[in-house]
Structures are given as C-alpha cells and as structure tokens.
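Here's the letter readout for the chains.
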Amino acid sequence: MHKFTLKFFFLLLFIGFSFSCQKKEKELTWALTPSGEKISFPIDDQTPNISEGLQYFKGEKEYLFNVIWNLNSLQIYDFETGLKIKDLRFDNEGPNGVGPIFGFHVHSLDSIFLFNPPFTSTINLVNSDGEIQQRIDYQIPDEGGSAFVHNSYMISPPVIDGNLLAVNHRFGANIRLITGEELSSKAMGYQIDLTTGKTNFFNHFFPSDYLHTGQKVIDYSRAQGKDKIVYSLLGDHRLFHSSSYDTPIQFIDAKSTYLDDILPSFNADSSPEEFTRYSRASSRYGSILYDSYRNVYYRFGFPTIPIESDEQLNALRTNPGPFVVMVFDDELNLLTESLFEAGTYLPDNSFVGEKGLYLSLNHPDNPENEEDQLKFELITLEEN
C-alpha cells in the first residue's frame with residue numbers, strides 16, 4: 001500500500017508539473033515595440049515624403065519601391081545604402097504609354113505589374129528597366145469592378161499562382177443605400193487569366209450581417225499567408241479567412257481592445273460633416289499585412305478620436321491620429337496588440353521587411369520628419 005501511495009504521489013506530481021509547463025507555455029506573451037533602428041532614403045524635391053505607395057522586395061539584394069502618381073514614376077531604392085538607383089518614368093499615352101499608374105506589384109525584377117485607376121481594364125507588365133514586357137487586357141466581370149490595387153490604403157497585394165492573378169475589385173455600389181442582402185451577393189475579388197484575360201470570381205462573399213447596425217464603408221484589405229487568405233473589413237471586428245479562392249470563407253472574432261465594442265455606422269441621410277467624422281475619426285480597421293519571415297499577420301486599427309471642432313476633424317486628413325497594430329499567428333490567434341499615439345508614425349506608409357514591420361516617421365507632427373527624406377523605424381516582434 002505504501003509503495004502504491006508513493007507511486008501515485010509521484011504520478012500526480014509529474015502530471016502537475018506537466019500541466020504547469022503547458023500553462024506557462026500558453027502564458028508566453030509577445031511584444032511589438034519600436035526598436036530604435038531607423039532607415040532613411042534621400043529624396044529629391046519632386047518626391048513627396050508621404051508616399052502614395054511602397055513595396056519592399058528582396059531578391060539578390062533588398063529594395064524599396066516607391067510610386068509617384070503625378071510623375072507616373074516608380075522609384076527603386078537600395079535598401080542597404082538608402083540611395084535611389086532607378087527612377088522609372090512612364091509615358092501616359094502613345095506606343096510606350098502605360099496609362100496613369102495607380103498601384104503596382106513587384107513579383108520579380110523582371111515582372112512588375114502596373115495597375116491603372118478604377119474603371120480601366122489593362123495591366124502593364126514591365127521590368128526594372130521600365131521596358132514593357134506585356135499588356136494584359138482583361139474582362140471586367142458582370143456585377144464586378146476593375147482591379148483595385150492600392151499600395152497605401154487597404155493594402156491587398158495581387159497574388160500570382162501560375163497563370164492566374166488574384167486581385168480585389170471595387171464594384172459599383174451606393175454605400176448609402178446598399179442592403180445587407182445585396183452586399184452578401186458580392187464577391188470580394190477575382191482571378192485574371194494572364195493569357196486569355198478571362199476572369200473568375202472568388203468564392204468569397206461579404207458577410208450578410210455586415211450592415212446590421214447601419215451603413216458602412218465597404219472597403220477591405222486582403223493578405224495571403226502560407227496556407228490562408230485573410231480579410232480585414234473596415235467596419236467589422238472579425239477576420240475572415242479561407243484556404244483557397246474556391247473555398248467559402250470562415251470567420252473568427254478578432255476585436256481590438258482599443259476600438260469601440262460596436263463599430264460606428266452612418267445613415268443614408270448623413271451630412272458630409274457626419275460622414276467625414278465617421279470615416280476619419282471613428283473606430284475602424286485598416287490594412288492587414290502578412291509577414292512571411294515570421295509567419296504572422298499585422299492588422300491596423302484606428303480608435304475613435306474625440307472631435308471638438310471642424311479644424312480638428314479636417315486636420316486628420318494629413319495628420320492622422322493614434323492607431324493600433326494587432327499581431328496574429330498563422331492560426332489567427334492574437335499574439336499582441338500595441339497602441340501607437342498620434343504624432344510619430346504614418347500607418348499608411350508601412351511595409352514588412354526581412355527584419356520586421358517598418359513604420360514611416362514622416363508624420364507632419366514628428367520632430368524627426370524631414371522633407372528630403374523617407375524615414376522609417378523598425379518595429380520588432382519579440383517574445384517576452
């Protein structure tokens with residue numbers, strides 16, 4: 001009996017120790033913090049220090065691409081030295097014209113996709129010397145819109161799979177009047193056959209209850225991870241995900257503790273001032289970015305800002321307020337979230353590099369902001 005009791009005691013002790021280890025493992029926390037490591041890219045007087053679109057690309061070397069709309073230009077910077085190595089200027093019209101550049105995607109240095117503003121249906125494929133390799137005329141699908149590729153707002157990088165190019169789109173809709181039922185019939189994007197130009201909608205649709213509390217902006221961001229396609233909608237706490245473009249989406253709760261429990265909406269008869277307050281100063285979500293180096297997702301969110309005057313509201317157009325960055329693992333478990341106060345970073349000028357997340361330091365209120373520099377700080381994800 002004594003031996004049995006002793007063995008039972010050690011068994012309980014072992015089980016307790018095992019559970020203790022598992023509990024400690026689950027309690028491990030992560031932190032997303034400014035590293036103090038900063039990089040700068042000198043710019044000329046024609047280049048705004050608030051970018052209209054960025055992309056980090058790593059080949060044999062690391063590069064940063066920067067688009068300038070009014071110059072129809074795509075700049076290429078050496079990431080290590082910070083120096084501009086190329087400034088690709090494209091004709092708008094004519095035999096070498098690519099139309100106005102709105103968005104871009106660097107698949108490789110020999111395959112750079114240039115996208116025009118909405119309501120167009122041509123994509124130009126160029127190389128890093130600015131030479132046109134291919135013009136792709138695609139069919140805008142019925143009930144759909146043209147490809148929507150923007151490199152600073154609701155970032156949704158195109159995804160290439162063989163001969164198919166996956167893109168978001170902006171379909172025709174009056175956001176003041178559209179119903180939840182109508183919205184739930186809208187696909188969130190489509191794949192373009194790069195040879196034939198034919199398009200095929202994703203089997204991903206807006207949630208039927210997205211508008212259950214009122215009208216909302218229907219913008220969204222998409223990120224493709226190792227085995228998931230993930231969506232962040234502007235007016236929804238949930239994250240939506242699928243394993244393929246043919247498989248229906250599922251959702252998980254993913255609320256930020258810094259945003260309102262019930263995300264704001266507007267009315268069909270809201271005044272311009274009320275709509276501006278809703279779109280600039282109310283709780284909402286922004287881009288979701290995939291970090292392939294750490295296999296995590298960064299989701300941006302914007303807490304509600306108390307507004308006391310029209311001047312304060314209008315200032316938010318160029319001087320954004322505080323924002324949140326949430327970090328999710330590959331199973332979309334929340335690892336951490338951090339609030340960044342206003343006045344230091346520009347959340348829309350962000351990108352993922354090999355070392356981590358980079359945020360622009362060119363906020364107009366930041367004392368480190370310089371007109372002749374694109375400046376960024378590395379934000380690192382570390383286990384505590």
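Source: prediction; values computed, not measured.

### So, the sheet that holds strand 19 (residues 296-302)
- Spatially, 4 strands are ordered 18-19-20-21 in an open sheet, and the strand pairing comes out antiparallel. The two strands at the open ends of the sheet, each matched to only one other strand, are strand 18 (284-291) and strand 21 (334-340). Each neighbouring strand pair of the sheet contributes to a mean axis angle of 20°, computed without reference to strand direction.
- Examined bridge by bridge, strand 18 and strand 19 share 6 bridges and lie antiparallel to one another. Within strand 19, the residue paired with Tyr285 across the bridge is Gly301.

### Thoughts on the sheet that holds strand 7 (residues 111-115)
- Strand order in the open sheet formed by 4 strands is 6-7-8-9, and the pairing between neighbours is antiparallel. In this open sheet, the two strands that pair with only one neighbour each are strand 6 (103-108) and strand 9 (132-137). Within the sheet, the average angular offset between the axes of one strand and its neighbour, ignoring direction, is 20°.
- Two elements, strand 6 and strand 7, share 5 bridges in a ladder whose sense is antiparallel. Residue pairing for strand 7: Phe104 is matched across the bridge by Leu114.

### A closer look at the pattern of salt bridges
- According to the stated counting rule, one finds 18 salt bridges in the structure shown.
- Between Asp44 and Lys84 there is a salt bridge, with the nearest N and O atoms lying 3.1 Å from each other. Residue Asp44 is located in the loop between strand 1 (30-42) and strand 2 (54-58), and its partner Lys84 is located in strand 5 (residues 84-89); the two are separated by 40 residues in the primary sequence.
- Between Lys86 and Asp129 there is a salt bridge whose closest N-O contact spans 2.6 Å. Of this pair, Lys86 sits in strand 5 while Asp129 sits in the loop between strand 8 (122-126) and strand 9, and the two are 43 residues apart along the sequence.

### Considerations on unusual backbone geometry
- The phi dihedral of Asn72 is positive, around 50°, even though this residue is not glycine.
- Position of Asn72 among the secondary structure elements: in the loop between strand 3 (62-68) and strand 4 (73-78).

### Observations concerning the environment of Val352
- Position of Val352 among the secondary structure elements: in strand 22 (residues 346-352).
- What makes Val352 buried here is its relative accessible area of 15%.
- Along the sequence, Val352 and Phe57 sit 295 residues apart, while their C-alpha atoms lie 9.3 Å from each other.
- Contacts of Val352, omitting those with residues within four sequence positions, involve Tyr56, Leu289, Tyr290, Asp291, Tyr298 and Leu357.

### Focus on the confidence of the model for the protein
- Across the protein, the average pLDDT comes to 93, with 93% of residues at 70 or higher.
- The low-confidence segment residues 1-26, where pLDDT is below 50, has 0 contacts with residues more than four positions distant or belonging to other chains.

### A word on the pairing of strand 21
- As judged from the 6 bridges shared by strand 20 (residues 323-328) and strand 21, these two strands associate in the antiparallel manner. Its bridge partner lying in strand 21, Val327 is registered against Thr336.
- Counting the residues that bridge the hairpin from strand 20 to strand 21 gives 5 residues, and of these Leu332 lies at a positive phi of roughly 65°.

### Brief notes about the nonpolar core
- By size, the foremost hydrophobic cluster in this structure holds 22 residues, and its most contacted members are Leu183, Phe206, Tyr210, Tyr231, Leu233 and Tyr245.
- For this core, the element with the highest residue contribution is strand 15 (residues 229-233), accounting for 3 residues.
- Not counting residues up to four positions away in its chain, the partners in contact with Leu233 are Met188, Phe206, Pro207, Tyr210, Asp219, Tyr220, Phe240, Tyr285 and Arg299.
- Core analysis: the second largest hydrophobic core is formed by 18 residues, Phe300, Phe340, Leu357 and Leu361 among them.

What counts, and at which threshold
Residues numbered from 1 in each chain as written. Predicted model: local features only at pLDDT ≥ 70, side-chain atom pairs only at ≥ 80, totals over all residues. Heavy atoms only, no water. Pairing = 2+ DSSP bridges. Helix = DSSP H or I, 4+ residues; strand = E, 2+ residues; numbered from the N terminus. Axes fitted to C-alpha atoms, helices over the stretch in contact; angles between N-to-C directions. Salt bridge = Lys/Arg side-chain N within 4 Å of Asp/Glu carboxyl O. Buried < 20%, exposed > 50% of the residue type's maximum accessible area, 1.4 Å probe, protein only. Contact = heavy atoms within 4.5 Å. pLDDT = per-residue confidence, 0-100. Core = buried A, V, L, I, M, F, W, Y, C linked by side-chain atoms within 4.5 Å.

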